[in-house]
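What follows is each chain in one-letter form.
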Amino acid sequence: MNTFITEIIFPFFTIGITILLLMVILNIPRIVKFLNPAVKTLHLEEAEAVIIDMQQTGLFIDDAPEIKLQMQVIPNKGRNFIMETNHVVSEKDMDHYKSGNRIKVKYAADNHHEMKFR
């Protein structure tokens, strides 16, 4: 009985555990992506947005002011929606973010709170 375990069962058990560990190690990025919603890849849609309001927050990052924008996003398909976001801009680009100006944005189709400026 002892020979049966050491010669037949143990090698199969060892090979099985090794294969299982390799499968887990090779799939760690997929497992993390599945378990952590923050790591999910965003599908971004392009759109135009009309700035409704712009205010400086009073914060500066590397001497560039942070502004709070409220804008109406006009997607290529679907309904318009209002979005607020904070954005760091250089002093020379402040004129681009005045009320009524149009800017190009990219927004997450499934979550309108996530966006990027083009």
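## Focus on the environment of Ser 99
Here Ser 99 shows up in the loop between strand E3 (81-88) and strand E4 (102-108). Sequence separation between Ser 99 and Gln 70 is 29 residues; the distance between their C-alpha atoms is 9.1 Å. With residues near it in sequence (within four places) discarded, Ser 99 still touches Ile 51, Ile 52, Asp 53 and Met 54. Separated by 3.0 Å, the side chain of Ser 99 and the backbone oxygen of Ile 52 make a polar contact.

## Concerning the nonpolar core
Met 71, Val 73, Tyr 97, Ile 103 and Val 105 are the most contacted members of the largest nonpolar core, which has 15 residues in total. Of all the secondary-structure elements, those providing two or more residues to this core are strand E1 (44-61), strand E2 (64-75), E3 and E4. Per-element tally for this core: the top contributor is E2, with four residues.

## As for unusual backbone geometry
Although it is not a glycine, Asp 62 sits at a positive phi angle of roughly 50°. Secondary-structure assignment places Asp 62 in the loop between E1 and E2. With a phi angle near 65°, Asp 63 is a residue other than glycine that sits in the positive phi range. On the secondary structure map, Asp 63 appears in the loop between E1 and E2. Judged by its relative accessible area of 70%, Asp 63 falls in the exposed class.

## Remarks on the pattern of salt bridges
Under the definition given, this model contains four salt bridges. Between Glu 48 and Arg 102 there is a salt bridge whose closest N-O contact spans 2.8 Å. Placement of the pair is Glu 48 in strand E1 and Arg 102 in strand E4, with a sequence separation of 54 residues. Lys 98 is paired through a salt bridge with Asp 95; the nearest N and O atoms lie 3.5 Å apart. Classification of Lys 98 by relative accessible area gives partly exposed; the value is 45%. A residue is classified by how much of its surface remains accessible, and Asp 95, at 51% relative accessible area, is exposed.

Rules used throughout
Residues numbered from 1 in each chain as written. Predicted model: local features only at pLDDT ≥ 70, side-chain atom pairs only at ≥ 80, totals over all residues. Heavy atoms only, no water. Helix = DSSP H or I, 4+ residues; strand = E, 2+ residues; numbered from the N terminus. Contact = heavy atoms within 4.5 Å. Polar contact = N/O pair within 3.5 Å; in protein donor to acceptor, adjacent residues only side chain to side chain. Core = buried A, V, L, I, M, F, W, Y, C linked by side-chain atoms within 4.5 Å. Buried < 20%, exposed > 50% of the residue type's maximum accessible area, 1.4 Å probe, protein only. Salt bridge = Lys/Arg side-chain N within 4 Å of Asp/Glu carboxyl O.

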